[in-house]
Amino acid sequence: AKALPADGALVVFEPLNDFEAVKFLSQKLEASGCAVSDEALETLVELLGTDAGVIAVEAEKIAVYHHGSKKPFGASDAVELAGFSKGRNPFDLSKAVCERAAGAGAAVANLLLNEGAEPLVLLYNVSRTLERLVKVKRLEAAGAGASAPYQAGVSPGHYRHLAAGAKAYSEDKLLRGLKRCLETEALLKSSSGRDPGLLIRQLLYEILRFK
């Protein structure tokens with residue numbers, strides 16, 4: 001134990017917040033010589049979440065995809081490279097979760113998976129939406145008032161959408177949904193042999209349908 005102060009090091013494993021994730025992705029891309037717009041960085045973090053491992057892999061994909069291009073990597077490139085077709089809105093899934101629209105959620109998930117969207121990207125889209133709904137539900141219960149959108153880290157218009165969606169869930173339901181997201185992430189990242197598309201569909205069914 002006496003050797004620890006001299007030879008040890010403090011390692012922080014807290015998840016990145018949005019600002020840190022954008023900065024981390026920006027540093028990764030700058031190191032590979034890839035010019036990227038601020039809008040593209042924010043769009044990628046919005047789609048992928050703040051998992052450093054996922055961001056690092058995505059940065060490598062972007063560097064390869066954009067190599068030799070003189071045009072900065074933009075938001076439309078981010079949406080396409082993240083696995084969404086130009087004709088499909090990548091935020092339709094989070095909209096279905098907010099509205100607790102089981103039919104719409106299943107239809108969007110099937111379309112995106114059939115188009116080759118990464119299951120982990122869809123998972124982070126769902127879990128990020130649930131996290132925001134929990135935060136907004138607590139802010140509403142605390143009577144946060146005009147500062148609530150800024151505390152939630154979203155625009156006032158988006159906050160109103162989330163506040164309306166949060167009414168369709170109990171806080172316990174949202175927290176159980178987040179727990180299931182963590183369990184699904186572990187299965188997707190393991191060699192469980194489970195079909196990734198099926199795992200995403202099961203997750204959505206439990207979140208949107210079950211009480």
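Structure's up top.
Each value, and the rule that gives it
Residues numbered from 1 in each chain as written. Predicted model: local features only at pLDDT ≥ 70, side-chain atom pairs only at ≥ 80, totals over all residues. Heavy atoms only, no water. Helix = DSSP H or I, 4+ residues; strand = E, 2+ residues; numbered from the N terminus. Rg over C-alpha atoms; globule rule 2.2 N^0.38 Å. Buried < 20%, exposed > 50% of the residue type's maximum accessible area, 1.4 Å probe, protein only. Lys, Arg positive; Asp, Glu negative; His and termini not counted. Charge placed at Lys NZ, Arg CZ, Asp CG, Glu CD. Polar contact = N/O pair within 3.5 Å; in protein donor to acceptor, adjacent residues only side chain to side chain. Contact = heavy atoms within 4.5 Å. Axes fitted to C-alpha atoms, helices over the stretch in contact; angles between N-to-C directions. Parallel < 35°, antiparallel > 145°, perpendicular 65-115°, else oblique. Nonpolar A, V, L, I, M, F, W, Y, C, P; charged D, E, K, R; others polar. Core = buried A, V, L, I, M, F, W, Y, C linked by side-chain atoms within 4.5 Å. Salt bridge = Lys/Arg side-chain N within 4 Å of Asp/Glu carboxyl O. Expected span 1.5 Å × (residues − 1).

Caption draft 1: Looking closely at the overall build of the protein chain. Of regular secondary structure, the protein chain possesses 12 helices and 0 strands. Start at the N end of the protein chain and walk to the C end: the helices and strands fall as α-α-α-α-α-α-α-α-α-α-α-α. Relative to a compact globule of 211 residues, whose C-alpha radius of gyration would be 17 Å, the protein chain shows 19 Å and is just as compact. With respect to the three principal axes, the spread of C-alpha positions in the protein chain is 55 × 45 × 45 Å. Within the protein chain, buried positions represent 41% of all 211 residues. Within the protein chain, one finds 26 positive and 26 negative side-chain charges whose respective centroids are separated by 6 Å.

Caption draft 2: How the structure looks around the side chain of T129. By the element assignment, T129 lies in helix α8 (residues 119-142). In this structure the side chain of T129 is engaged in a polar contact, spanning 2.8 Å, whose partner is the backbone oxygen of N125.

Caption draft 3: The arrangement of the environment of D51 in detail. Along the polypeptide, D51 turns up in the loop between α3 (38-48) and α4 (52-65). In the structure, D51 is positioned 104 residues away from S155 in sequence and 23 Å away in space, judged by C-alpha atoms. D51 has contacts with Y124, E185 and K189, leaving out every residue within four places of it along the chain. Polar side-chain contacts of D51 include one of 2.9 Å to the backbone nitrogen of G53. A polar contact of 3.3 Å, which involves the side chain of D51, links it to the side chain of K189.

Caption draft 4: Molecular detail of unusual backbone geometry. Of note, the phi angle at R100 is positive, near 50°, even though the residue is not glycine. When you line up the elements, R100 lands in the loop between α6 (92-98) and α7 (102-114).

Caption draft 5: Structural detail: the packing of helix α11 (residues 171-189) against helix α12 (residues 196-208). With their axes 10 Å apart at the nearest point, α11 and α12 run at an angle of 175° to one another. Taken together, the axes of α11 and α12 lie roughly antiparallel to each other. Between α11 and α12, the residues in contact are K173, G177, R180, C181, T184, L187 and L188 and P196, L199, I200, L203, E206 and I207, respectively. Of the residues belonging to the contact of α11 with α12, the class tally is 8 nonpolar, 2 polar and 3 charged.

Caption draft 6: Broad picture of the packing of α3 against α8. The N-to-C vectors of α3 and α8 enclose an angle of 90°; their axes lie 6 Å apart at closest approach. What the angle tells us is that α3 and α8 run roughly perpendicular. Contacts between α3 and α8 involve V45, E46, L47 and L48 from the first element and V121, Y124, N125, R128 and R132 from the second. A class-by-class count of the residues in the contact of α3 with α8 yields 5 nonpolar, 1 polar and 3 charged.

Caption draft 7: Looking closely at the environment of E118. Tracing the backbone shows E118 in the loop between α7 and α8. Overall, E118 belongs to the partly exposed group, its relative accessible area being 42%. Spatially, the C-alpha atom of E118 lies 9.8 Å from that of L48, the residues being 70 residues apart in sequence.

Caption draft 8: Main features of the nonpolar core. Ranked by size, the top nonpolar core spans 35 residues in total, and within it V126, L130, L133, Y159, L204 and I207 carry the most contacts. Elements with a minimum of two residues in this core: α6, α7, α8, α9 (148-152), α10 (156-166), α11 and α12. With 8 residues, the top contributor of residues to this core is α8. If we ignore the near neighbours within four places in the chain, the residues touching L133 are V97, C98, L162, G165, A166, Y169 and L174. Listed in part, the 18 residues of the second largest apolar core include A40, I62, V121 and Y124.

Caption draft 9: The arrangement of the pattern of salt bridges in detail. With the rule as written, the count across this model stands at 8 salt bridges. A salt bridge links E171 to R138; the nearest nitrogen and oxygen atoms lie 2.7 Å apart. With E171 in helix α11 and R138 in helix α8, this pair connects stretches of sequence that are 33 residues apart. Two residues, K189 and E185, come together in a salt bridge whose shortest N-O distance is 2.7 Å. One end of the pair, K189, and the other, E185, are both in helix α11, 4 residues apart, so they sit about a helical turn from each other. Look at the salt bridges and you will find they share partners, linking D51, E185 and K189 into a network.

Caption draft 10: Local environment of α7. When the terminal C-alpha atoms of α7 are compared, their 18 Å separation across 13 residues agrees well with the 18 Å that a helix rising 1.5 Å per residue should span. Here the buried face of α7 lies against α6, α8 and α12. G116 sits one or two positions beyond α7 and adopts a positive phi of about 95°.

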